[in-house]
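Observations on the model geometry
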Amino acid sequence: FGQTISYSCGVMEGRYVNVVMSGRTTHLSVCEVEVYETENLASKGTVARSSTYSTWAAPHAIDGVRYGTDNGAFCSATTSESDPWWRLDLLDIYKISTVIITAKSDGSPDFTSGAWIRIGNSLENNGNNNPICAVTPDPLPGHTVSYSCHGMEGRYVNVVMTGRTSTLTLCEVEVYGTAGHTITYSCHGMEGRYVNVVMTGRTSHLALCEVEVYGTVHRKRTFLRLKFSSSVDAAAESDEILHQLQSALGLNVSDFNLTWTQLPEKEEEQD
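As the structure is a prediction and not an experimental result, all values here were calculated from the model. (Residues numbered from 1 in each chain as written. Predicted model: local features only at pLDDT ≥ 70, side-chain atom pairs only at ≥ 80, totals over all residues. Heavy atoms only, no water.)

This next bit is on the overall build of the protein chain. Within the protein chain, the regular secondary structure consists of two helices and ten strands. What you see in the protein chain, going N to C, is helices and strands ordered as β-α-β-β-β-β-β-β-β-β-β-α. Counting every position in the protein chain, which comprises 271 residues, the buried fraction comes to 31%. (Helix = DSSP H or I, 4+ residues; strand = E, 2+ residues; numbered from the N terminus. Buried < 20%, exposed > 50% of the residue type's maximum accessible area, 1.4 Å probe, protein only.)

What follows is the structure in structure tokens.
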């Protein structure tokens, strides 16, 4: 009675969601039905926190039960300390759309309000320096509140009481988002015109949502020693010589200049 339970439907496809008592004559009472396009990512993660109060273990906040009859068996709590924190490791990087937090509902003092929700990839300061998604409202007794994180990217979700000496209590933390992360690779100034991404020696799909390439235009200076069999003034015919060089060397470069380190001299024919 009075519980919220999550059910995983895998990747079932459909437009309609029905809740029905089949083959029974009874009342059907539903206080809230929530449907999410992705599964709760928190249920597959691992947790850590600054301390543990009694039996209020850290994994209780991702057990899928928002409201239980015994808070110590279904909620997580730290001892009273400075800047208490709770951290969820999603084990991969996700674009986080929503974080849902449920506070305890037994009427005792609320130790969830005023907490900062942080999302990111850093474990500096136990992950408590990552960017902020939201701050829980004050007060928050017995409420389940959804926070939109607008696709923030990260592996770690932290809930922390910043600048306070307090207990941090969480009965349920749910995280929804999509996989697919951005990784930067340094190529150390490698030179080239083509960038290939290839699965070598594998039979597989190759899926790329975005490829970004950053660098600088490489200008190459080449020194040539030329001898012309022509009676024309080579210095005066630079444009024509440049055109012939591009054609002979197979070059297709628009930003191409020909300069002389030494003006060509016309050889006198010997008798």
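A full pass over the atoms with the stated rule returns two disulfides. One disulfide bridge connects C75 with C171, the sulfur atoms lying 1.8 Å from each other. Disulfide C75-C171: the torsion about the S-S bond is 90°, which places it as right-handed. Pair noted here: C75 is in the loop between α1 (71–74) and β2 (76–77) and C171 is in the loop between β9 (169–170) and β10 (172–179), with a separation of 96 residues, a long-range link. (Disulfide = S-S within 2.5 Å.)

To continue, consider the pattern of salt bridges. Oppositely charged side chains can pair when the atoms bearing their charge come close. Taken as a whole and assessed by the stated rule, the structure comprises five salt bridges. For the salt bridge of E34 with R66, the shortest nitrogen-to-oxygen distance reads 2.8 Å. Taken together, the positions of E34 in the segment before β1 (46–49) and R66 in the loop between β1 and α1 put the pair 32 residues apart, joining distant regions of the chain. Note on E34: relative accessible area 34%, which makes it partly exposed. Exposure remark for R66: the relative accessible area of 6% places this residue in the buried category. Where E39 meets K44, a salt bridge forms, and the shortest distance between an N and an O atom there is 2.8 Å. Of the residues examined, E39 reaches a relative accessible area of 37% and is grouped as partly exposed. Three or more residues joined by partner-sharing salt bridges are found here, namely E34, R66 and E174. (Salt bridge = Lys/Arg side-chain N within 4 Å of Asp/Glu carboxyl O.)

Here the focus is the side chain of S166. Structurally, S166 can be placed in strand β8 (residues 165–166). Given a relative accessible area of 5%, S166 falls into the buried group. Beyond its immediate sequence surroundings of up to four residues, S166 is in contact with T78, T79, S80, E81, P84, F111 and M161. (Contact = heavy atoms within 4.5 Å.)

Looking at the protein chain, pLDDT values average 82 and 73% of them are 70 or higher. When mean pLDDT is taken per element in the protein chain, strand β5 (residues 116–120) scores highest with 96 and helix α2 (residues 238–249) scores lowest with 71. (pLDDT = per-residue confidence, 0-100.)

Within the largest apolar cluster, 28 residues are counted, with the highest numbers of intra-cluster contacts made by W86, I96, V99 and V175. Residue assignment for this core shows that the elements contributing at least two residues are β4 (85–102), β5, β6 (132–135), β7 (144–160) and β10. (Core = buried A, V, L, I, M, F, W, Y, C linked by side-chain atoms within 4.5 Å.)

Pairing between β4 and β7: 13 bridges, direction antiparallel. The residue bridging D89 from the neighbouring strand is Y156, located in β7. The pairing of β5 with β7 spans five bridges and is antiparallel. Bridging across to β7, W116 finds its partner in V160. (Pairing = 2+ DSSP bridges.)

This part takes up the environment of M152. Topologically, M152 is positioned in strand β7. Measuring from C-alpha to C-alpha, the distance between M152 and P131 comes to 8.7 Å, with 21 residues separating the pair along the chain. Ignoring any residue separated from it by four or fewer positions in sequence, one finds M152 in contact with Y94, K95, I96, I119, P131, I132 and C133.

This paragraph deals with unusual backbone geometry. For N126, which is not glycine, the phi dihedral falls at a positive 60°. The backbone of H150 shows a phi angle near 55°, a positive value even though the residue is not glycine. With respect to the helices, strands and loops of the structure, H150 is situated in strand β7.

It is worth spelling out a nonpolar patch on the surface at this point. Taken together, the side chains of V17, V19, M21, L28, V30, V33 and V35 make up a nonpolar region of the molecular surface, amounting to roughly 610 Å² of accessible area. Locating V19 in the fold gives a position in the segment before β1. Residue classification places V19 among the partly exposed positions, given a relative accessible area of 48%. (Patch = residues over 30% accessible without salt bridge, like charges linked within 9 Å, V, L, I, M, F, W, Y side chains within 5 Å. Areas by Shrake-Rupley, 256 points an atom, 1.4 Å probe, with all protein chains shown as cover.)

The next subject is the side chain of T169. Summarising the element assignment, T169 is placed in strand β9. Sequence-distant contacts of T169, that is, excluding residues within four places in its chain, are made with W56, S76, A77, K104, F111 and T112.

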